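# Chain and residue survey
These are the residues of each chain, in order.
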Amino acid sequence: MIDIQHKKIPIVWTIAASDCCAGTGIQSDLLTFHDFNVYGCSVITALNAQTSFALGSSMATQRKSVIAQINALDSDVPATAIKVGMLPNAELVETVASYLVEDY
């Protein structure tokens, strides 16, 4: 278990896409979480190749990988809050929604 839980720092997950430029997505969320002094964890739903002005390509993460990421976090660093970003397809929308409905 991560020692952060003993320090009573809020744990916030971001469930979103990775943006290699860090202007949006997981990277941007983690920077924002840091600014607000919360411990950020991530579930990556897609890999985006983008610049600061355009999305070049996007590849959705496999459903089983998203589930594995959620389960890993849930068993070790449960969230105080969850921020949801890009869910690239209906399958991942249903996967994330199912977790949120069942556990929150």
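Residues numbered from 1 in each chain as written. Predicted model: local features only at pLDDT ≥ 70, side-chain atom pairs only at ≥ 80, totals over all residues. Heavy atoms only, no water.

### A closer look at the pattern of salt bridges
For the structure shown, the criterion picks out 1 salt bridge. For Asp29, the salt bridge goes to Lys83, with nearest N and O atoms at 3.1 Å. Pair noted here: Asp29 is in helix α1 (residues 25-35) and Lys83 is in strand β4 (residues 81-84), with a separation of 54 residues, a long-range link. Judged by its relative accessible area of 10%, Asp29 falls in the buried class. (Salt bridge = Lys/Arg side-chain N within 4 Å of Asp/Glu carboxyl O. Helix = DSSP H or I, 4+ residues; strand = E, 2+ residues; numbered from the N terminus. Buried < 20%, exposed > 50% of the residue type's maximum accessible area, 1.4 Å probe, protein only.)

### With respect to the pairing of strand β3 (residues 55-60)
Burial of β3 is sparse: only 0 of the 6 residues sit out of reach of the surface. In this structure, strand β2 (residues 39-50) lies alongside β3, joined through 5 bridges in antiparallel fashion. Of the residues in β3, the one forming a bridge with Gln50 is Leu55. Between β2 and β3, which follow one another and run antiparallel, lie 4 residues. (Pairing = 2+ DSSP bridges.)

### Examining the nonpolar core
Counting 13 residues, the largest nonpolar core has Trp13, Cys41, Val43, Val66, Ile70 and Leu73 as the members making the most contacts within it. Not counting residues within four places of it along the chain, the set of residues in contact with Cys41 comprises Ile11, Val12, Trp13, Thr14, Leu30, Leu73 and Val77. (Core = buried A, V, L, I, M, F, W, Y, C linked by side-chain atoms within 4.5 Å. Contact = heavy atoms within 4.5 Å.)

### Looking at α1
Restricting attention to buried positions, one finds in α1 the residues Gly25, Ile26, Asp29 and Phe33. Along α1, the residues classed as buried sweep out an arc of 100° about the axis, all on the same side. Of the residues in α1, the exposed ones pointing more than 90 degrees away from the buried face are Leu31, His34 and Asp35. The inward-facing, buried residues of α1 contact β1 (11-19), β2 and β4. Positioned one or two residues after α1, Asn37 has a phi angle of 55°, which is positive. (Arc of directions from axis to C-beta.)

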